[in-house]
Amino acid sequence: MASTSSSIVFDDIFTTDAIDKDGKKFDRVSRLYARSKNYDMDLTLDYNIELFPLTNGDSFAMALASSLSRDGGAPTADGEDGEDKDRDVWRPDGKGRRGLEEDYDYVMYGKVYKFDTGSSDVVTAYASFGGLLLSITGSYRHLTNVVLGDPVYVLLRK
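Residues numbered from 1 in each chain as written. Predicted model: local features only at pLDDT ≥ 70, side-chain atom pairs only at ≥ 80, totals over all residues. Heavy atoms only, no water.

Student: Can you break down the overall build of the protein residue by residue, with the values?
Tutor: The number of helices and strands found in the protein is one helix and eight strands. Along the protein, helices (α) and strands (β) appear in the sequence β-β-β-β-α-β-β-β-β when read from the amino end. Across the 158 residues in the protein, those meeting the buried criterion constitute 41%. Summarising the internal contacts of the protein: among those between residues at least 6 apart in sequence, 58% fall at separations of at least 24. (Helix = DSSP H or I, 4+ residues; strand = E, 2+ residues; numbered from the N terminus. Buried < 20%, exposed > 50% of the residue type's maximum accessible area, 1.4 Å probe, protein only. Contact = heavy atoms within 4.5 Å.)

Student: Just give me the short version of unusual backbone geometry, but keep the residues and values in it.
Tutor: One non-glycine residue, D20, adopts positive backbone phi at about 55°. Along the polypeptide, D20 turns up in the loop between β1 (8–19) and β2 (29–36). In this structure, D40 takes a positive phi of about 55° despite not being glycine. Its location among the elements puts D40 in the loop between β2 and β3 (42–48).

Student: Summarise empty space enclosed by the protein; cite the residues concerned and give the values.
Tutor: Under the definition given, this model contains one cavity of 30 Å³ or more. Computed from the structure, the largest cavity encloses a volume of approximately 40 Å³. Lining the largest cavity, in full, are L64, V112, A125, Y126, A127, L134, I136, V146 and V152. Only β6 (122–129) and β7 (132–139) provide two or more residues apiece to the lining of the largest cavity. Element by element, the count of residues in the lining of the largest cavity is highest for β6, at three residues. (1 Å grid on protein atoms, 1.4 Å probe; cavity = no way out; pocket = protein on both sides within 12 Å on 5 of 7 lines; lining within 4 Å. Points joined across faces, edges and corners; volume = space filled by probe spheres on them.)

Student: Mind laying out the sheet that holds β6, listing which residues take part and the relevant values?
Tutor: With respect to topology, eight strands assemble into a closed barrel ordered β1-β2-β3-β7-β6-β5-β8-β4, the strand pairing being antiparallel. The mean inter-strand angle of the sheet, taken between neighbouring strand axes irrespective of direction, is 35°. (Pairing = 2+ DSSP bridges. Axes fitted to C-alpha atoms, helices over the stretch in contact; angles between N-to-C directions.)

This is the structure we're talking about:
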């Protein structure tokens, strides 16, 4: 798990179990099913196959982050709010400060829209990234920093 000063709220290494097991619905989008190595979490994720190609059995690192800022958006010594600092973390013209996106191959921005509590300590968090969906299921201990209604980045790398 990430430290408290980081903007990363969850990270683990996943291995794909299946891709499009219910059939392919869209040309450029697939739904992957994966299991994490460290925390025994189950992941379902829609992603663009042209930008991030995966096959069954591939391993990849996935992180969920509250911002792309490397310092977690904490206030600075001069009193500048972390949210204001976040404004220029990524810019399409390349002039912004370098953030977490530099360390990953595929990044999506979305919102946590649902939290289900299952049996005992198992929970499922759901997020939407402009219609591409994520669900992650496992122990609530590993998802305590994922907050309903908060914006979230999903970051992937092989």
